[in-house]
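Chains, contacts and geometry: an overview
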Amino acid sequence: MNFDTHQCTALITGASSGLGAEFARQLAPQAQGLFLTGRRLEALEAVRAECLRLNPTLRVELCATDIATDEGRGVLLEAVRALDFQPNLLINNAGMGDYGTVQTATAAKLRAQMDLNMTALVLLTHAILPRLKKPGGILNVSSLASTLPLPAMAVYAATKSFVSSFSEALAVELATEGIVVTCVCPGPTPTSFSHTARRPDGEDTDRGGQGILRIPPQQVVAEALATLRAGKACVYPGLGVTVAACLFRHLPRALMRRLLQRRFSRGTV
Ligand SMILES: NC(=O)c1ccc[n+]([C@@H]2O[C@H](COP(=O)([O-])OP(=O)(O)OC[C@H]3O[C@@H](n4cnc5c(N)ncnc54)[C@H](OP(=O)(O)O)[C@@H]3O)[C@@H](O)[C@H]2O)c1
């Protein structure tokens, strides 16, 4: 089953920057309506202005709220209902990471990753499903990190592993319901992600070996939308990321741990 993004009505989380804003920009010329959410209203307004420049007849609704909390998700769902916005596409894009070991992390940041990357994604999907017009689509943003246990990003990688597994199961559950579920697993992409993930005294993620995996957000989003349109379950955007994902998924776990241990000891993971 294919998904046609022409004249779509899309609800996009994390639309105030990075990949979410790019999803809005790439859908704007062909969409009928966009519902953009994130916590920063000013940033959402800037993305709306860009979308309207691309398509002056587009309907663009905004809701600034923290979807990592029950209250914040309630605000979003109420706004969707009150504005009578009927999405046929849900893009679960909002997410965050944390660079550093579990031992040295704050409990707040460990929790924030789990609340946003997993709980918000599942509960929003569950709440939006009854409103999702058919033929419909759900596009979940996971990560290349979902394919391996990642020291110094342990919780982040585990949450993305959850997203990939959840998406694949959901794709099967909804296949006969007229809803396509696609999971996109980007590698390192230049957005605000690093800024949020970096600790006040910590290292950036621009580490050895990542250069060949890095592709622009425009390409990540274009490949994600092409995969959704084709009705496929999963994509690793970029050739380097596709090859890396294949390697990571097929390497014997004991060997993987040994390699990761070596990189971790050198401080290059
Ligand atoms: N960039 C990468 O290297 C990379 C690689 C693989 C996967 N990803 C995934 O791609 C997705 C998008 O990230 P990005 O790279 O575009 O990073 P980004 O530029 O930091 O964007 C994150 C988005 O999430 C929103 N957000 C964060 N916390 C939120 C909360 N509590 N409630 C509501 N919205 C919240 C942010 O908006 P506000 O700040 O306005 O709330 C922002 O719009 C994430 O799921 C990330 O895990 C990124």
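Scroll up a little and you will see the structure.
Residue positions are given per chain, counting from 1 as you read along its sequence in written order. Only residues with pLDDT of at least 70 get local features here, since the model is predicted, and only at 80 or more are side-chain atom pairs given and counted; chain-wide, interface and lining totals rely on the full set of residues. Side-chain measures were taken over the full set of non-hydrogen atoms in the model, leaving aside hydrogen atoms and water.

Attention now moves to a positive patch on the surface. Grouping into patches uses exposed residues only, defined as over 30% relative accessible area, and leaves out salt-bridged ones; the cut-off is 9 Å for like charges and 5 Å for nonpolar side chains (Val, Leu, Ile, Met, Phe, Trp, Tyr). Per-residue and other accessible areas follow the Shrake-Rupley method at a 1.4 Å probe size, with only the shown protein chains counted as cover for residues. Every case where a carboxyl oxygen of Asp or Glu lies within 4 Å of a side-chain nitrogen of Lys or Arg is listed as a salt bridge. Positive: Lys, Arg. Negative: Asp, Glu. His and the chain ends are not part of the count. The atom standing in for a charge is NZ when the residue is Lys, CZ when it is Arg, CG when it is Asp and CD when it is Glu. A surface patch of like charges, here positive, comprises Arg258, Arg262, Arg263 and Arg266. A run of DSSP states H or I qualifies as a helix once it reaches four residues; a run of E qualifies as a strand once it reaches two. Both are numbered from the N-terminal end. Take arginine 263: it is sitting in helix α9 (residues 253-265). On the basis of relative accessibility, which here comes to 30%, the residue arginine 263 falls in the partly exposed class. Here the term buried applies to any residue with accessible area under 20% of the maximum for its type, exposed to any over 50%, and partly exposed to those in between, with areas from a 1.4 Å probe on protein chains only.

A few words on the site of the ligand. Here a residue is near a molecule or strand as soon as one of its heavy atoms is found within 4 Å of it. Around the ligand, the surrounding shell holds 29 residues, and the nearest of these are Ser16, Arg39, Asp66, Tyr156 and Thr191. Throughout this description, a polar contact denotes any pair of N or O atoms lying within 3.5 Å of each other; where both atoms belong to protein, one of them has to be capable of donating a hydrogen while the other can accept it, and for residues adjacent in sequence the pair is counted only when both atoms sit in side chains. Glycine 14 is positioned such that a nitrogen or oxygen atom in its backbone is 3.0 Å from an oxygen atom of the ligand. One of the backbone nitrogen or oxygen atoms of phenylalanine 193 is found 3.5 Å away from an oxygen atom of the ligand. Coverage of the ligand by the protein chains reaches 94% of its 890 Å² of free accessible surface. Among the elements of the structure, α1 (18-27) and α5 (154-174) are those that each provide at least two residues to the shell around the ligand.

To get an axis, fit a line to the C-alpha atoms, keeping to the stretch in contact for a helix; angles then go from 0 to 180 degrees between the N-to-C directions. In the contact formed by helix α4 (residues 107-128) and α5, the axes pass within 9 Å of each other and the chain directions differ by 10 degrees. Of the possible angle classes, the one that applies to α4 and α5 is roughly parallel. In this structure, α4 contributes Leu110, Gln113, Met114, Asn117, Met118, Leu121, Val122 and Thr125 to the contact, and α5 contributes Val155, Tyr156, Thr159, Lys160, Phe162, Val163, Phe166 and Leu170. Residue composition of the contact of α4 with α5, by class: eleven nonpolar, four polar and one charged. Geometric relationships in this document are graded by angle, where less than 35 degrees denotes roughly parallel, more than 145 denotes roughly antiparallel, 65 to 115 denotes roughly perpendicular, and other angles denote oblique. Note on definitions: a residue-residue contact is assigned when non-hydrogen atoms from the two residues lie within 4.5 Å. Polar here means any residue other than Ala, Val, Leu, Ile, Met, Phe, Trp, Tyr, Cys and Pro, which are nonpolar, and Asp, Glu, Lys and Arg, which are charged; Gly is therefore polar.

Take the nonpolar core next. Core analysis: the biggest nonpolar cluster contains 33 residues, and Ile12, Phe23, Leu27, Leu34, Leu36, Cys51 and Leu89 have the highest contact counts within it. For leucine 27, the contacting residues outside a window of four places in its chain are Thr5, Cys8, Ala10, Ile12, Leu34, Leu89, Ile91 and Leu225. Counting 23 residues, the second-largest nonpolar core is a separate cluster that includes Val80, Ala120, Leu124 and Val181. Side-chain atoms within 4.5 Å link the members of a nonpolar core, which is a set of buried Ala, Val, Leu, Ile, Met, Phe, Trp, Tyr and Cys residues.

Turning our attention to α5. Taking 1.5 Å per residue as the helical rise, α5 with its 21 residues ought to reach 30 Å, and the 30 Å between its terminal C-alpha atoms agrees with that figure. Within the sequence span of α5, burial applies to Val155, Tyr156, Ala157, Thr159, Lys160, Val163, Ser164, Ser167, Leu170, Ala171 and Leu174. Where the residues of α5 are buried, they touch α4, β5 (136-141), β6 (179-184) and α6 (193-197). Multiplying 1.5 Å by the helix residue count minus one yields the expected span of that helix.

Note that serine 16 resides in the loop between β1 (9-13) and α1. Of the residues examined, serine 16 reaches a relative accessible area of 13% and is grouped as buried. A distance of 3.2 Å separates a polar atom in the side chain of serine 16 from a polar atom in the side chain of arginine 40. With residues up to four places along the chain from it excluded, the contact list for serine 16 reads Ala21, Thr37, Gly38, Arg40, Ala43, Leu44 and Val47.

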